[in-house]
Amino acid sequence: MSPVNNNNNIVDEINPTTTTIPKYKVTVVGSGNWGSVASKLIASNTLKLSSFHDEVKMWVFEETLPSGEKLTDVINTTNENVKYLPGIKLGCNVVADPDLENAVRDANMLVFVTPHQFMEGICKRLIGKIRSDAQAISLIKGMEVKKEGPCMISTLISQQLGVNCCVLMGANIANEIAVEKFSEATVGYRGNREIAENWVQLFSTPYFMVSACQDVEGVELCGTLKNVVAIAAGFVDGLDMGNNTKAAIMRIGLREMKALSKLLFSSVKDNTFFESCGVADLITTCLGGRNRKCAEAFAKNGGKRSFDDLEAEMLQGQKLQGVSTAKEVYEVLKHKGWLEMFPLFTTVHEICTGRLPPTAIVEYSEHTPKLLVGGPTLF
């Protein structure tokens, strides 16, 4: 039986007389579509890797299913998230827990994967409740907008909880990874390569290839901003404008993603946009993601049905990130005086809010972007 040391670090006995090493204990904070897939990936590895405890906790926002059963109970009984990832076994070592504080209490590797608009509240609940040696990683695509400017979710986690936070982003449509179709992802880290390699090891499988990139802000902004471009791509699809138009929108969108990222954070690297988190994530989201899907329906209805209605009807409880991110980006651009520098991002928000019709997604290009004198350009 494994002993427990004085500072609550669980250790396993290597040599009964002298040597013990700490093991990593993982909790996934979030249990939606992508959170459930992340738990499946992680659980398959913790069973194989001697440096990790087998058990993976998954915090579940408790819901009552139509059957009257609690979602957490069903997950633990069937080993399946029947609401957000039906038909997929998560792994016998995944344990669903509806108590957030209890779920994170013993973990020293915290994986955050919830809708970005909930993260500030979650962090406030966890202040002082996590281990002092915990490391975190965010799989969340979005940002918080404060009076002083944008705050990336990884920064929010680091500041609120006092932990180092990496990010994982990539061309990752969850349902495809769930059935083990080949995919790849990028771990963004700041200074400690060893910590990044731990995350790479935890997520990597033969069908999910993970690499590390020393550029947290660049990786995270790619994952965030591509959802705005995917909304634009959905408008194009809904209006049957064709593949040439969609390709143009994707190219212009990538250009604006890069320009805004480098304006916000001078440390962002050009090469990051050629990683899975960059151009690959942009492509897959514009071809098959939930943002594209709902934006297509929005355009087909001439903008007469709200995104809230479409989200409720089409996503079975999942959250649409692109519309809220477009609003947040718009607020940043307006505050900075950059609206005319980013006509695609600006137009997406104005279509989403009904100020412009969906057809305006191509009309904006008639206007030449005004560039800051002496400042960065879009090119």
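Note that the structure is predicted; figures quoted are calculated from it, not measured.

Scoring rules and cut-offs
Residues numbered from 1 in each chain as written. Predicted model: local features only at pLDDT ≥ 70, side-chain atom pairs only at ≥ 80, totals over all residues. Heavy atoms only, no water. Helix = DSSP H or I, 4+ residues; strand = E, 2+ residues; numbered from the N terminus. Contact = heavy atoms within 4.5 Å. Areas by Shrake-Rupley, 256 points an atom, 1.4 Å probe, with all protein chains shown as cover. Phe/Tyr/Trp six-rings, centres within 6.5 Å; stacked < 30°, edge-to-face > 60°. Buried < 20%, exposed > 50% of the residue type's maximum accessible area, 1.4 Å probe, protein only. Polar contact = N/O pair within 3.5 Å; in protein donor to acceptor, adjacent residues only side chain to side chain. Core = buried A, V, L, I, M, F, W, Y, C linked by side-chain atoms within 4.5 Å. Pairing = 2+ DSSP bridges. Right-handed = clockwise from strand over helix to strand, strands pointing away. Salt bridge = Lys/Arg side-chain N within 4 Å of Asp/Glu carboxyl O. Disulfide = S-S within 2.5 Å. 1 Å grid on protein atoms, 1.4 Å probe; cavity = no way out; pocket = protein on both sides within 12 Å on 5 of 7 lines; lining within 4 Å. Points joined across faces, edges and corners; volume = space filled by probe spheres on them. Nonpolar A, V, L, I, M, F, W, Y, C, P; charged D, E, K, R; others polar. Arc of directions from axis to C-beta.

Asker: Explain the overall build of the protein chain residue by residue, including any values.
Answerer: A count of helical and extended segments in the protein chain gives 15 helices and 12 strands. Counted over contacts in the protein chain with a minimum sequence separation of 6, partners at least 24 positions apart contribute 70%. Accessible surface, the protein chain as shown: approximately 16400 Å² in total, 51% of it carbon and sulfur.

Asker: Help me get a handle on the packing of aromatic side chains, residues and values and all.
Answerer: Counted under the stated rule, the structure contains seven aromatic pairs. For the ring pair Trp 34 and Phe 208, a centre distance of 6.4 Å and an interplane angle of 65° mean the geometry is edge-to-face. You can see Trp 34 sitting in helix α1 (residues 33–46) and its partner Phe 208 sitting in strand β12 (residues 208–213), a full 174 residues away along the chain. A residue is classified by how much of its surface remains accessible, and Trp 34, at 13% relative accessible area, is buried.

Asker: Give a detailed account of the side chain of Thr 224, specifying residues and quantitative values.
Answerer: Locating Thr 224 in the fold gives a position in helix α8 (residues 216–238). A relative accessible area of 0% places Thr 224 in the buried class. In this structure the side chain of Thr 224 is engaged in a polar contact, spanning 2.9 Å, whose partner is the backbone oxygen of Glu 220. Once residues within four sequence positions are removed from consideration, Thr 224 is found in contact with Lys 141, Gly 142, Met 143, Met 152 and Thr 325.

Asker: Explain the nonpolar core residue by residue, including any values.
Answerer: Where a protein is soluble and globular, its nonpolar side chains tend to be buried together. Membership of the largest hydrophobic core comes to 55 residues, with the highest contact counts inside it found for Phe 235, Leu 260, Phe 342, Phe 345, Val 348 and Ile 361. Among the elements that take part in this core, α8 stands out by supplying 13 residues, more than any other.

Asker: I'd love a proper account of unusual backbone geometry, names of residues and values included.
Answerer: With phi around 65°, Glu 180 is a residue other than glycine that occupies positive phi space. Inspection of the secondary structure assignment puts Glu 180 in the loop between α6 (174–178) and β11 (183–188). Overall, the relative accessible area of 45% leaves Glu 180 in the partly exposed class. In this structure, Asp 240 takes a positive phi of about 55° despite not being glycine. Within the secondary structure, Asp 240 is located in the loop between α8 and α9 (243–264).

Asker: Can you break down the pairing of β12 residue by residue, with the values?
Answerer: A regular strand carries its side chains on alternate faces of the sheet. Bridge count between β11 and β12: six bridges; the pairing is parallel. Within β12, the position partnered with Ser 183 by the bridge is Phe 208. Handedness of the β-α-β unit built from β11, helix α7 (residues 193–203) and β12 comes out right-handed.

Asker: Hey, could you go over the pattern of salt bridges for me, with residue numbers and the actual values?
Answerer: By the definition in use, this model includes 19 salt bridges. Across the pair Lys 25 and Glu 55 runs a salt bridge whose closest N-O atoms are separated by 3.6 Å. Linking Lys 25 in strand β3 (residues 24–29) with Glu 55 in strand β4 (residues 52–59), this pair joins segments that are 30 residues apart in sequence. Residue class for Lys 25 comes out buried when judged on its relative accessible area of 14%. For Glu 55, a relative accessible area of 31% gives the class partly exposed.

Asker: Outline the state of the cysteines, supporting the account with residue identities and numerical values.
Answerer: Throughout the structure, instances matching the rule amount to zero disulfides. With no disulfide of its own, Cys 166 lies closest to Cys 165 among cysteine sulfurs, the gap being 6.9 Å. Looking at Cys 166, the relative accessible area reads 2%, which means it is buried.

Asker: If you had to explain the pairing of strand β6 (residues 109–112) to someone new, which residues and values would you point to?
Answerer: Going residue by residue along β6, you find Met 109 and Val 111 tucked away on one face and Leu 110 and Phe 112 tucked away on the opposite face as well. Two elements, β3 and β6, share four bridges in a ladder whose sense is parallel. Counted as the bridge partner of Thr 27 is Leu 110 from β6. Pairing of β6 with strand β7 (residues 135–138), which is carried by four bridges, proceeds in the parallel orientation.

Asker: Residue-level account of the layout of surface pockets, with values.
Answerer: One number sums up the size of the largest pocket: a volume of about 1200 Å³. Forming the boundary of the largest pocket are 44 residues, of which Asn 33, Trp 34, Arg 290, Gln 318 and Lys 319 lie nearest the centre. Where the lining of the largest pocket is concerned, the elements lending two or more residues are α1, α4 (119–126), α6, α8, α10 (276–288) and α11 (290–300). The greatest single-element share of the lining of the largest pocket, amounting to four residues, is contributed by α10. Looking at side-chain class alone, the lining of the largest pocket contains 17 nonpolar, 18 polar and nine charged residues.

Asker: Talk me through helix α2 (residues 71–78); I want residue IDs and the actual numbers.
Answerer: Of the positions making up α2, those classed as buried are Leu 71, Thr 72, Val 74 and Ile 75. In an axial view of α2, the angular spread of the buried residues amounts to 165°, which keeps them on one side of the axis. Where α2 is buried, its residues touch β4 and β5 (94–97). After α2 finishes, the residue Asn 79 shows a positive phi value of roughly 65°.

Asker: A description of helix α12 (residues 307–314) should follow, citing residues and the corresponding values.
Answerer: Every buried residue of α12 is accounted for by Phe 307, Leu 310, Glu 311 and Met 314. Along the axis of α12, the buried positions cluster into a sector of 100°, meaning they face one direction only. Projecting away from the buried face of α12 at angles above 90 degrees are the exposed residues Asp 308 and Ala 312. Buried residues belonging to α12 abut α8, α11, α13 (321–336) and α14 (343–352). The first or second residue beyond α12 is Gln 316, which carries a positive phi of 50°.

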